[in-house]
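Reading the structure
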Amino acid sequence: MSALTFTLKAQLTQRIDMSPLTPDNLARKTAAEIAAIELQSGNRKLRVDSLFDISGNDTADIVIQNGCGKLDYIGSGMKSGRITVHGGAGSWLGFQMRKGEIVLNGDADAYAAAELAGGTICVNGNVGDFLASALPGNRKGMKGGLVIVTGNAGDRVGDQMRRGIILIEGNAGAYCASRMLAGTIGVMGTVGDYVGFGMRRGTLLLFSTPKLHSTIQDCGSHSLPFLGLMFKSFRGLPSKFAGVDKNRVRRYAGDLANDGKGEILIFA
Amino acid sequence: MIINGVTIDDTFAEAFGMRGTRVIITAQNHKWANIAATAMTGFATSVIACGVEAGIERQLNPAETPDGRPGVSVLMFAMGSAVLMKQLETRMGQCILTCPTTAAFSGIDEGYPEITRINLGKNLRFFGDGFQISKQFGGKRYWRVPVMDGEFMTEETTGMVRAVGGGNFLILAESQPQALAACEAAIEAMKQIPNVIMPFPGGVVRSGSKVGSKYKSLIASTNDAFCPTLKGITKTDLSPEIESVMEIVIDGLSDADIRKATRAGIAAACELGATKGIKRISAGNYGGKLGQFHFKLREIMA
């Protein structure tokens, strides 16, 4: 068995909804059936084989070659298996994913890992705004799982995030951890303005001190035992966070305008 | 059967099905982990009045503990799951939560056919009065409770399994110091066996009991058949040269663990031998009708 590979034939002018192409949906389908699946593209439906060259047969291991920013909803709702994307992805990468693994070698657009419930999403590149947040109007963002971003993330990382772990090796934009409900976000680079805006609970781990607004309050320097446990659980992850072993932090709590039980921990 | 001049009685120890759990206590150093564990396992010699039988299983080095600090593993046994859960919670609350720098983790996660998750820090978190923080790593939930020395960290649950309690053997010697020396040697050897504890003070009990009493209000009383000062006036089990008898009681996570510990303990006692005054090894039972587990001494030592 070799990985089921979809190679994009030509540059796209219209966006494509890739949500049917998950390991769960394709399991036990023949090559002909897979080729005949229709993907929504604007107001048209296009057959998979009109867009992609298809090779391989292992539906649990899907590879997308020549990926680009117009491929939306890759791995949406997936419950098992693995999707590897080379070249980039559009919006809603791994939307409401429950289990399994997505590896993207390239950049993703907005709403990557939105409402993620489980599994792992690893982006070897940058992501757009609203990483791991909620569908507009919904009140809970990411609810579980793990997101690793080796590049930078846009604004509103973890907006209304409820549970799970986000590890960003680069920088994050403005309103990082805004309206966060719980969970853990780590950012190795810098963060933009209004970090932790409306943060209710949860942990934001930073490596340098950002500009903090007045409803985030200093709680002093501490050696927190849970950090040792947390970094031990990160060992073996494909991230620079796997090599961190520190537990001395400055603890800021907030956002006091919104309950104030969240924390921003900054390594001394 | 005679080992090094010591007679092994053709009898058996009678043990009962119990519920058992393990908790891993860590602290800044072994000193404080031991202080916490000693407090937690205090007044836990017998289920009759203490609710649980508990003891320190062994010391853990930093590489063996979840948070990479020095630790101690504690075993607790009770006759029923409700008592065990209640005792675990109160002892966690009064002995571990209160002890500086400690943290508590689950000690049983796999390796048994039936593991029930019971509360470890699940209710202790409310001590945090709303400032407690939950964290999930590697599929486990932990609680961070702000306390005056910093933060108390505890796993939410630990595992409870079906266990065995009341394994035992008796050491019969020519004098009290000799009986105690044999017990000390036996306990030292048995401490090396995993999954067992000897819950009595120093692992040794000198007041072995029989079922019933002449007094209506007592369900158990002194085991006069093994009391050396009553040799002449009761239906004694002792030969004239026996002057002192001591018992070692063993609780273990499985009957195989108790078998191993019994063998190690008796072997160590017999090593002192008849020349050091050790004459006989026996065991306590109730005729075999009460307990589900029988540990036949000669079979174990064969």
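Residues numbered from 1 in each chain as written. Chains lettered and ligands numbered in written order. Predicted model: local features only at pLDDT ≥ 70, side-chain atom pairs only at ≥ 80, totals over all residues.

This brings us to the overall build of chain B. A count of helices and strands for chain B gives six helices and 18 strands. Here the C-alpha coordinates of chain B stretch approximately 65 × 45 × 35 Å along the principal axes. In chain B, the share of contacts with a sequence separation of at least 24, taken over all contacts with a separation of at least 6, comes to 74%. (Helix = DSSP H or I, 4+ residues; strand = E, 2+ residues; numbered from the N terminus. Contact = placed C-beta atoms within 7 Å.)

What follows is about the domain arrangement of chain B. All names here are of chain B. In terms of domains, chain B is made up of domain 1 (2–14 + 163–301) and domain 2 (18–161). With centres defined by C-alpha atoms, the gap from domain 1 to domain 2 works out at 30 Å. On the side of domain 2, twelve residues touch domain 1, which itself brings eleven residues to the contact. Top contributing element to the side of domain 1 that touches domain 2 by residue count: strand β11 (residues 157–173), with three residues. Grouping the amino acids of the side of domain 1 that touches domain 2 by side-chain chemistry returns nine nonpolar, one polar and one charged. (Domains from an automatic or database assignment. Nonpolar A, V, L, I, M, F, W, Y, C, P; charged D, E, K, R; others polar.)

Turning next to the interface of chain B and chain A. Counting residues at the interface gives 14 residues for chain B, matched by eleven residues for chain A. Listing elements by their share of the side of chain B that touches chain A, those giving two or more residues are β8 (133–137), β9 (140–147) and β10 (150–155) of chain B. Considered class by class, the residues forming the side of chain B that touches chain A number six nonpolar, four polar and four charged.

To continue, consider helix α1 (residues 30–40) of chain B. Residues and elements named next belong to chain B. Taken together, the buried positions of α1 are Ala33, Ala36, Ala37 and Met40. Seen along its axis, α1 keeps its buried residues to an arc of 95°; they face one direction. Where α1 is buried, its residues contact β3 (12–26), β4 (53–60), β5 (71–78) and α3 (81–96). (Buried ≥ 20, exposed ≤ 12 C-beta atoms within 10 Å, placed from the backbone. Arc of directions from axis to C-beta.)

Attention shifts here to the environment of B:Ser213. All names here are of chain B. Note on placement: Ser213 falls in the loop between β14 (209–211) and β15 (220–222). The class of Ser213 is partly exposed, set by 13 C-beta atoms lying within 10 Å. Residues Ser213 and Asn223, spaced ten residues apart in sequence, show a C-alpha to C-alpha distance of 10.0 Å. What Ser213 contacts, discounting residues up to four positions off in sequence, is Leu218, Ala220 and Ser221.

So, about the nonpolar core. Residues and elements named next belong to chain B. Formed by 159 residues in total, the largest nonpolar core has its most connected members in Ile25 and Ile171. Among the elements that make up this core, the one with the highest residue count is β11 (eight residues). When we break this core down by domain, the ones giving at least three residues each are domain 1 (2–14 + 163–301) and domain 2 (18–161). Setting aside anything within four residues of it in sequence, one finds Ile171 in contact with Ala179, Ala182, Cys183, Val245, Met246, Ala269, Ile278 and Ile281. (Core = buried A, V, L, I, M, F, W, Y, C linked by C-beta atoms within 7 Å.)

Before going further, it helps to examine the pairing of β3(B). Note on strand geometry: in a regular strand, side chains alternate between the two faces of the sheet. All names here are of chain B. Judged by how many residues are buried, β3 sits mostly within the fold: 13 of 15 residues are covered. As defined by bridge partners, β3 adjoins strand β18 (residues 293–296) across four bridges and the pair is classed as antiparallel. In the sheet register, Phe12 faces β18, and the bridge partner there is Lys296. Bridge analysis of β3 against β11 gives six bridges, and the strand direction is antiparallel. The partner of Gly17 across the bridge, within β11, is Val164. Pairing of β3 with β5 involves eight bridges; the strand directions are antiparallel. Among the inter-strand pairings, Ile25 is bridged to a residue of β5, identified as Val72. Direction of pairing for β3 relative to strand β6 (residues 103–106): antiparallel, over a ladder of four bridges. Bridge pairing in β6 places Val23 opposite Ser106. (Pairing = 2+ DSSP bridges.)

Let us now look at unusual backbone geometry. Excluding glycine, residues mostly have negative phi values, and the peptide bonds linking residues are mostly trans. Residues and elements named next belong to chain A. The omega torsion of the bond from Gly254 to Asp255 falls at 0°, within 30 degrees of zero and hence cis. Relative to the helices and strands, Asp255 resides in the loop between β16 (248–254) and β17 (262–267). Residues other than glycine seldom take positive phi values, yet Tyr175 does so here, at roughly 55°. Along the chain, the position of Tyr175 falls in the loop between β12 (163–168) and β13 (184–187).

Right, let's talk about the environment of B:Tyr142 for a bit. Residues and elements named next belong to chain B. Structurally, Tyr142 is set in strand β9. Tyr142 gets classed as buried once you count the C-beta atoms within 10 Å, which come to 26. Along the backbone, Tyr142 and Ser46 are 96 residues apart, and their C-alpha atoms lie at a distance of 31 Å.

As a further point, take the environment of A:Asn171. Note on placement: A:Asn171 falls in the loop between β12 and β13. Those residues in contact with A:Asn171 that sit more than four places away from it in its chain are A:Asn152, A:Gly189, A:Thr190 and A:Val191.

All names here are of chain B. Between helix α4 (residues 176–190) and helix α5 (residues 255–272), the least distance of the axes is 8 Å, while the angle of their chain directions is 140°. As summarised for this structure, α4 and α5 are arranged oblique, according to the angle between their axes. Here the hand of the crossing between α4 and α5 comes out right-handed. Judged by residue contacts, Ala181, Ala182, Ala185, Ala186, Glu188, Ala189 and Met190 of α4 engage Ala261, Ala264, Gly265, Ala267, Ala268, Ala269, Glu271 and Leu272 from α5. (Axes fitted to C-alpha atoms, helices over the stretch in contact; angles between N-to-C directions. Parallel < 35°, antiparallel > 145°, perpendicular 65-115°, else oblique. Left-handed = near helix turned anticlockwise from the far one by under 90°.)

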